[in-house]
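One letter stands for each residue in the lines below.
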There are 2 protein chains.
Amino acid sequence: MSDSIYSYQQLYSFSLNVFLKIGCSNEDATLATSVLLSADLRGIDSHGIARLIGYVRLWEAGRINATPDIKITHETPSTAVVDGDKGLGLVVAPKAMQIAIEKAKNVGTGWVSVKNSNHFGIAGYHAMMALSQDMIGMAMTNASALVAPTYAAEKMLGTNPIAVAVPAGTEAPFVADFATTTAANGKLEIAQRKNQPIPTGWAQDANGKPSNDAHILKQGGALLPLGSEKDLGSHKGYALGSIVDIFSGVLSGASFGPWAPPFPAYIPMPENMPGEGLGHFLGAMRIDAFRPAQDFKSNMDIWLNRFRNAKPIEGQERVYVAGDIERIIEAERMKSGIPLVDDVVNDLNQLANKFALTL
Amino acid sequence: MSDSIYSYQQLYSFSLNVFLKIGCSNEDATLATSVLLSADLRGIDSHGIARLIGYVRLWEAGRINATPDIKITHETPSTAVVDGDKGLGLVVAPKAMQIAIEKAKNVGTGWVSVKNSNHFGIAGYHAMMALSQDMIGMAMTNASALVAPTYAAEKMLGTNPIAVAVPAGTEAPFVADFATTTAANGKLEIAQRKNQPIPTGWAQDANGKPSNDAHILKQGGALLPLGSEKDLGSHKGYALGSIVDIFSGVLSGASFGPWAPPFPAYIPMPENMPGEGLGHFLGAMRIDAFRPAQDFKSNMDIWLNRFRNAKPIEGQERVYVAGDIERIIEAERMKSGIPLVDDVVNDLNQLANKFALTL
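Throughout what follows, the structure given in this document is the object of discussion. (Residues numbered from 1 in each chain as written. Chains lettered and ligands numbered in written order. Predicted model: local features only at pLDDT ≥ 70, side-chain atom pairs only at ≥ 80, totals over all residues.)

A word on the interface of chain A and chain B
Chain A puts 69 residues into the contact, and the matching count from chain B is 69 residues. Within the residue set of the side of chain A that touches chain B, elements represented by two or more residues are strand 2 (71-76), strand 3 (79-83), strand 4 (109-117), strand 6 (162-166), strand 7 (174-178), helix 7 (234-250) and helix 8 (293-308) of chain A. (Contact = placed C-beta atoms within 7 Å. Helix = DSSP H or I, 4+ residues; strand = E, 2+ residues; numbered from the N terminus.)

Structural notes on the packing of helix 2 (residues 26-41) of chain A against helix 4 (residues 89-107) of chain A
Geometrically, a packed helix pair is captured by the angle between its two axes and the distance between the axes. Residue and element names in this part refer to chain A. Contact geometry of helix 2 with helix 4 gives a least axis separation of 8 Å together with a crossing angle of 90°. The angle between helix 2 and helix 4 places the two elements in the roughly perpendicular class. Residues D28, L31, A32, V35 and L36 of helix 2 form the contact with helix 4, whose own contacting residues are L90, V91 and P94. Considering only residue class, the contact of helix 2 with helix 4 consists of 7 nonpolar, no polar and 1 charged. (Axes fitted to C-alpha atoms, helices over the stretch in contact; angles between N-to-C directions. Parallel < 35°, antiparallel > 145°, perpendicular 65-115°, else oblique. Nonpolar A, V, L, I, M, F, W, Y, C, P; charged D, E, K, R; others polar.)

A few points about the sheet that holds strand 10 (residues 222-223) of chain B
Residues and elements named next belong to chain B. Reading across from one edge, 9-8-10 is the order of the 3 strands in this open sheet, with antiparallel pairing throughout. Unpaired on one side and paired on the other, strand 9 (210-211) and strand 10 mark the two borders of the sheet. As judged from the 2 bridges shared by strand 8 (residues 203-204) and strand 9, these two strands associate in the antiparallel manner. Note that in strand 9 the partner of A203 across the bridge is S211. (Pairing = 2+ DSSP bridges.)

Digging into the relation of the copies chain A and chain B
Aligned on chain B, chain A shows an RMSD of 0.0 Å; the corresponding rotation is 180° and the shift along the axis is 0.0 Å. Taken together, the rotation angle and the small translation identify this as a two-fold axis. Judged by C-alpha distance, G227(A) is the residue of chain A that lies nearest the rotation axis, at 2.3 Å. Interface overlap between copies is the fraction of interface residues in one copy that are interface residues in the other; for chain A against chain B it reaches 100%, indicating a shared surface. (Least-squares fit on C-alpha atoms with pLDDT ≥ 70 in both.)

Digging into the sheet that holds strand 11 (residues 278-286) of chain B
With mixed pairing, the 7 strands of this open sheet are ordered in space as 2-3-4-11-5-6-7 (chain B). Strands with a single pairing partner mark the edges of an open sheet, and in this sheet they are strand 2 (71-76) and strand 7 (174-178) of chain B. Along the sheet, successive strands turn relative to each other by an average axial angle of 10°, direction set aside. Both strand 6 (residues 162-166) of chain B and strand 7 of chain B contribute to a ladder of 5 bridges, which runs antiparallel. Along strand 7 of chain B, the bridge assignment pairs V164(B) with A176(B). Set on the sheet, helix 7 of chain A makes contact with strand 6 and strand 7 of chain B; between it and strand 7 of chain B the angle comes to about 135°. In the packing of helix 7 (residues 234-250) of chain B onto the sheet, the strands contacted are strand 4 (109-117), strand 5 (135-141), strand 6 and strand 11 of chain B, and the crossing angle to strand 11 of chain B comes to about 100°.

Side note on helix 10 (residues 342-355) of chain A
Residues and elements named next belong to chain A. Here helix 10 spans 20 Å end to end across 14 residues, near enough to the 20 Å set by a 1.5 Å rise per residue. Among all positions of helix 10, only V344, L348 and L351 are buried. Along helix 10, the residues classed as buried sweep out an arc of 55° about the axis, all on the same side. The exposed set on the far side of helix 10, more than 90 degrees from its buried face, consists of D342, D343, N346, Q350 and N353. Of the residues flanking the end of helix 10, it is A356, one or two places downstream, whose phi is positive at about 55°. (Expected span 1.5 Å × (residues − 1). Buried ≥ 20, exposed ≤ 12 C-beta atoms within 10 Å, placed from the backbone. Arc of directions from axis to C-beta.)

Considering the pairing of strand 6 of chain A
Every regular strand shows the same layout, with side chains that alternate between the two sheet faces. Residue and element names in this part refer to chain A. In terms of residue burial, strand 6 counts as a mostly covered element, since 5 of its 5 residues are buried. Of the two faces of strand 6, the one lined by I162, V164 and V166 and the one lined by A163 and A165 are each fully buried. The pairing of strand 5 (residues 135-141) with strand 6 spans 4 bridges and is antiparallel. Considered in strand 6, the bridge of M138 is made with V164.

Looking at unusual backbone geometry
Comment: phi is negative for the bulk of residues other than glycine, and the bulk of peptide bonds are trans. In this structure, D85(A) is a non-glycine residue whose phi angle is positive, near 50°. Summarising the element assignment, D85(A) is placed in the loop between strand 3 and helix 4.

This is the structure:
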């Protein structure tokens with residue numbers, strides 16, 4: 001089972017056409033495609049074009065509105081709540097981030113909580129929008145429940161990622177983008193496809209015992225928060241996932257916790273949802289709202305250079321800063337193409353048939 | 001070796017008098033004592049009165065200014081940088097948090113980065129200042145380097161804690177307050193005193209191999225970021241600790257990374273420090289800058305109630321929300337007193353002798 005290689009441009013055109021076919025405007029289809037494909041480029045394969053068919057299924061189920069009226073429902077000089085009107089998270093989130101950036105231009109920082117949205121691709125894309133503006137960007141989102149809190153035998157939180165992007169001078173920027181679990185669900189999916197066991201610490205079974213079965217979530221198991229177990233700080237990962245859920249869901253009026261809407265269209269929506277759709281939280285801080293941008297950047301260069309040149313442990317060539325590995329993969333894939341596993345190619349062919357497109 | 005029990009009021013008076021003796025104003029001594037003792041009350045013994053002698057030694061070494069001129073050096077409507085003028089972090093941080101709260105009143109949110117400060121006690125105290133204002137509070141700080149990045153054989157980051165406090169309606173609030181490491185340094189100190197091994201995943205030796213020796217940091221070892229090892233997500237804990245360092249240190253113009261100033265006065269200051277003193281980052285977000293406070297609070301009550309009543313795993317009575325355990329300890333210690341180990345009592349007696357006080 002070898003991967004097929006597609007060029008970025010090839011997948012970009014295909015994805016753009018699919019979003020146009022479901023009724024997105026040119027502008028929205030372009031935006032959604034840029035966000036989606038940035039995941040494939042950066043090596044976060046689980047959040048890229050592999051999910052295209054999932055978005056289409058949500059649209060078919062009436063859970064995604066291809067022509068949303070995205071609007072601010074409440075605001076102050078530094079904050080806003082945005083109603084995504086069931087639009088693609090891939091479109092709603094970058095538009096909300098743009099609002100955060102505009103507010104930061106005016107009063108130093110901007111913070112936007114979003115309701116009535118759905119899966120927004122990789123958090124890192126939205127956070128990185130701030131970089132070209134000499135701002136620090138932040139993005140987070142809640143997601144359907146796959147994760148058990150410390151001491152709990154129930155799935156209560158999503159993998160709730162956090163991204164933070166920080167500009168620099170001559171050094172490449174700092175870009176953190178991570179699920180608040182020990183392992184992202186995408187890593188579990190890879191083990192499922194290969195029928196391989198998973199490391200102890202990633203998941204528990206229905207009784208809360210550690211499990212090495214990649215399929216355990218279908219049998220009442222759950223992913224574990226960053227930290228894996230209480231003695232190793234899982235209550236901290238649980239707290240982080242909670243913060244993301246509160247900022248994205250409770251603060252905006254979206255649904256939250258075990259009531260967050262699922263991504264797979266075949267899973268019924270939760271009953272008695274306390275809010276509307278999925279939630280995101282986006283932030284932008286102007287560097288020069290704190291100190292002259294050049295001073296910050298030259299210190300940030302010192303920071304990045306020192307960490308990138310830290311002494312590595314035996315068996316490792318170097319120490320990475322958040323975002324370095326994704327940047328290396330992006331350069332490679334822009335040149336040599338994006339590998340897709342057979343399952344994903346089959347999904348894309350199915351979409352090609354449905355919409356009379358060629359991959 | 002049994003603990004001695006002291007009442008909150010007894011330790012409060014003693015601490016207040018010590019801060020007055022080193023020359024703090026009445027207002028500053030009161031504030032510093034409230035912050036310091038909140039750690040003892042909440043069960044975070046490593047950050048409470050156990051550190052009082054450490055602050056005195058820093059003052060004796062000329063590294064703490066008892067009468068600082070704390071001032072804003074740069075600001076916008078939603079941001080400020082505060083110069084702590086080498087004041088006690090216990091005083092500088094709550095004053096900076098007050099500035100963040102005032103800014104939030106005006107424009108929705110307030111964000112203050114602090115330089116030229118030092119150890120600020122527990123992050124949770126500062127974040128919780130926002131609760132009575134119907135605001136979400138955030139606090140973080142950098143600290144002297146004890147932690148090795150993923151793949152690194154060097155200490156590069158402090159235990160860099162993050163606190164987030166969220167108000168609720170009838171339910172007790174959400175208060176997360178945690179080091180971005182697998183285990184706080186205080187837990188290591190407890191194992192050192194008892195001469196006990198530490199769990200695998202807390203620390204590594206000078207070559208980057210896992211270590212169970214509580215004294216390993218003195219032999220070139222390091223604490224590990226939350227996640228413990230790469231397969232279990234230590235790069236995420238490393239990223240979190242980095243974010244705290246950048247927001248607290250680089251954004252304010254404080255020192256950062258391996259150049260953060262040490263707490264023990266006998267350790268020389270790092271050479272070629274790229275900034276001034278230790279840094280903090282404090283934030284306040286007005287709930288009603290996003291949605292009506294009552295709507296938020298009633299949803300937050302649903303959130304808290306649902307998580308507090310999640311199904312526990314076998315062998316556990318219940319599931320906790322961030323801050324629950326500290327709240328239980330606080331109620332207990334307010335009633336029954338605060339236990340201090342012999343080493344701490346000896347330190348306090350030394351201070352009593354030095355300043356002609358009675359404990």
